[in-house]
Amino acid sequence: MAKSNKPKKPPEAKTVAKDVKPTLQARFWREVRGYGEAIIIAILVTTFLITTVGVAGSSMYPNLDGGSGTVMNALLRGDRLFVPKYETWLRRAGLFGEYRRGDIIIFRELADSPCRRGRRAFLVKRVMAQPGDTFRLENGEAFINGAQLDQSFITANGGSLSSSSLDEVVVPDGHYFVMGDNRPNSCDSRSYGFVPKMAIAGKATSVIWPPRRGDEMNWRGLKPPEAFKEIPGLQ
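Residues numbered from 1 in each chain as written. Predicted model: local features only at pLDDT ≥ 70, side-chain atom pairs only at ≥ 80, totals over all residues. Heavy atoms only, no water.

Trainee: Can you walk me through the pairing of strand E5 (residues 134-138) in this structure?
Mentor: A regular strand carries its side chains on alternate faces of the sheet. In E5, alternate side chains face the same way, and those of Phe-135 and Leu-137 are buried while those of Thr-134, Arg-136 and Glu-138 on the opposite face are not. Across 4 bridges, E5 lies against strand E6 (residues 141-144) in antiparallel orientation. Bridge assignment links Glu-138 to a residue of E6, and that residue is Glu-141. Connecting the antiparallel pair E5 and E6 is a turn made up of 2 residues, with Asn-139 showing a positive phi of about 50°. (Buried < 20%, exposed > 50% of the residue type's maximum accessible area, 1.4 Å probe, protein only. Helix = DSSP H or I, 4+ residues; strand = E, 2+ residues; numbered from the N terminus. Pairing = 2+ DSSP bridges.)

Rendered as structure tokens:
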């Protein structure tokens, strides 16, 4: 049998993979990139999806606990609220309705507020009147669109209404009248007027921390008190 004169292929050389260690600079930038991506994601989530807000101070007592004493104590012991931020953007876009009477909202302190101390803070208050509502106070009793509001959601829990009075006002479009539940110790629309809708950062829907206070469960939803449903007009 004739032998083929076709030259044989040389055997393929085997490639041996070697572990190449990244340089110190490469490891550094890889770590920076990881932290940067995490921070960007966190910012996007808290800006557009959800966030939490801590209550500091006593202006919403007795329904919200802001801790007491030092700022650190307020941060550790104050109620922490859950805020769905996507609702805020949908409201600003006109896809959701108005904030309801009785809602607890978080908003940026007004620049000309007489209560302001240094940098503008984020405040937690309750919506008392919507755009188009009339509102007045008589010795602490609130009247919305001529109807007296049952404020037992404050007094039944040990809170005080104070004896403040306010002549009737009409809430303009795109604004809200807000008050703290702890009327004697709250700087609110009685002092700085109506809060613009665009200043509102969100609505608190629940208390998520701490889980308990004393012998009682502290986790709870934050729905408007039933008394606000008895008020005529928009809701």
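Trainee: How do you make sense of the side chain of Glu-109 when you look at a structure like this?
Mentor: Inspection of the secondary structure puts Glu-109 in the loop between strand E3 (104-108) and strand E4 (122-129). No salt bridge is formed by the buried Glu-109; its nearest oppositely charged neighbour, Arg-116, is found at 5.3 Å. From its side chain, Glu-109 meets the backbone nitrogen of Arg-116 in a polar contact 3.4 Å long. Residues within four places of Glu-109 in sequence aside, it is in contact with Cys-115, Arg-116, Arg-119, Arg-120, Ala-121 and Leu-123. (Lys, Arg positive; Asp, Glu negative; His and termini not counted. Salt bridge = Lys/Arg side-chain N within 4 Å of Asp/Glu carboxyl O. Polar contact = N/O pair within 3.5 Å; in protein donor to acceptor, adjacent residues only side chain to side chain. Contact = heavy atoms within 4.5 Å.)

Trainee: Would you explain helix H3 (residues 85-92) in this entry?
Mentor: Think of an α-helix as turning once every 3.6 residues; residues three or four places apart then point the same way. The set of residues buried in H3 consists of Lys-85, Glu-87, Thr-88 and Arg-91. The arc that holds the buried residues of H3, viewed along the axis, is 155°, so those residues lie on one side. Phi for Gly-94, located one or two positions after H3, is positive at around 80°. (Arc of directions from axis to C-beta.)

Trainee: Is there a simple way to think about the environment of Leu-110 in this case?
Mentor: Relative to the helices and strands, Leu-110 resides in the loop between E3 and E4. Judged by relative accessible area, Leu-110 falls into the buried class, the value being 11%. Linking Leu-110 and Pro-196, residues 86 residues apart in sequence, is a C-alpha distance of 9.0 Å. Sequence-distant contacts of Leu-110, that is, excluding residues within four places in its chain, are made with Arg-116, Arg-120, Tyr-192, Phe-194 and Pro-196.

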